[in-house]
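The lines below spell out each chain.
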Amino acid sequence: MIINKKTALSLILPVLLVLFASASILMAGNVQNELVIKDWLLLGPNNLYPPVSTNLSEKEVINEVSKINPLKVIDLIPVEGDVVKWPFLYSDTSTWTKSSDAKISFGKFSSDNYKIGYAVTYLNVSDYLKADLKINSTASVKVYYDGKEIIKLANSEQDKNKDSNTSLDLEPGFHSLVFKTIANKKKGKEKWTISASLKTDKAFNINEFVSNTSSKTHYLDYKELLSSPTIRSVDISPDGKLAIIQCVQTDWPDFNRVSCANVVDIANGNLVYRFIGDRIPARFEWSPDS
């Protein structure tokens, strides 16, 4: 049997197209720039008692209730099984429990009381990167990154699910995300849920640089060890509020050692500005007023 070129091409072309499509799908699947948070520690829900007033709207009541802080967020580094005695809530106690669900639930809304709950998760980060924290909630929620409030999302009884995004500058190390959520008492049988994820706009696997865990035990991996900067000098501003830390660190994924200069707030240790590589000025000089 003799097959001419035209017939051979008609037979081979569909096979090539299938192979090309499969390869494209595999390549696209290899780049996962979103990390869905699935490891949580949950506390509550517990009753919460708002200020007694007949002149406040539902949103105003939620706003007032959200200011109540039964637990100090900055100190929340729980482990599974920790027992918490809630202050001023009739001596109620709760236990931190683990959840591995992408959408966590505090049950259903109550028709007779406002409720409060906490969700905590930890991030192990091996390199500097920027990511968007995306959340969806059916109740009011405040989100804290390493003890600092980054998202405030208020839901009234008329609201449906709410979404919110905020940009995070992730630094190498161990970090906490705390969600304080409050549900009003007029939601009927609707479920009280929260979901969250971290997403980058870069074409690389975020899972190679960020891992999510419900354990506060932090193990250094090789990338974090190699990424640890070597400090060359520290220059403090005249008013003592800022410091410029000049260092050398590993640049991923090329494994190059590059120079960096970090401007740091001395009071809280937060990174104010960062220079790296060719963007570092030839010299730094403080102004008289710092």
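Residues numbered from 1 in each chain as written. Predicted model: local features only at pLDDT ≥ 70, side-chain atom pairs only at ≥ 80, totals over all residues. Heavy atoms only, no water.

Novice: What exactly am I supposed to notice about the overall build of the protein chain here?
Specialist: Along the protein chain, the regular secondary structure elements total three helices and 18 strands. Contacts in the protein chain between residues far apart in sequence, at least 24 positions, make up 71% of those at least 6 positions apart. Accessible surface for the protein chain amounts to roughly 16700 Å². Of this, 55% is attributable to carbon and sulfur atoms. (Helix = DSSP H or I, 4+ residues; strand = E, 2+ residues; numbered from the N terminus. Contact = heavy atoms within 4.5 Å. Areas by Shrake-Rupley, 256 points an atom, 1.4 Å probe, with all protein chains shown as cover.)

Novice: Just to check I follow, could you spell out the side chain of Thr193 for this structure?
Specialist: Looking at where Thr193 falls in the secondary structure, it is placed in strand S13 (residues 191-199). Note on Thr193: relative accessible area 9%, which makes it buried. The contacts of Thr193, once residues within four sequence positions are left out, are Lys103, Ile104, Ser105, Asn136, Ser137 and Thr138. (Buried < 20%, exposed > 50% of the residue type's maximum accessible area, 1.4 Å probe, protein only.)

Novice: Would you take a moment to explain the state of the cysteines for this structure?
Specialist: Cysteine pairs can be covalently joined through their sulfur atoms, and such a bond is termed a disulfide. The tally for this structure, following the rule as stated, stands at one disulfide. Sulfur-sulfur distance for the disulfide between Cys247 and Cys260 comes to 2.3 Å. The S-S bond linking Cys247 to Cys260 shows a torsion near -115°; that makes this disulfide left-handed. With Cys247 in strand S16 (residues 242-251) and Cys260 in strand S17 (residues 256-265), the pair connects residues that are 13 residues apart, well separated along the chain. Grouping residues by exposure puts Cys247 and Cys260 together as buried. (Disulfide = S-S within 2.5 Å.)

Novice: I'm lost on a nonpolar patch on the surface in this one. Help?
Specialist: Taken together, Ile231, Val234, Ile236 and Ile266 make up a surface patch of nonpolar side chains, about 380 Å² in accessible area. Within the secondary structure, Ile231 is located in strand S15 (residues 230-236). (Patch = residues over 30% accessible without salt bridge, like charges linked within 9 Å, V, L, I, M, F, W, Y side chains within 5 Å. Salt bridge = Lys/Arg side-chain N within 4 Å of Asp/Glu carboxyl O.)

On their own, these measurements won't tell you what the molecule is for.
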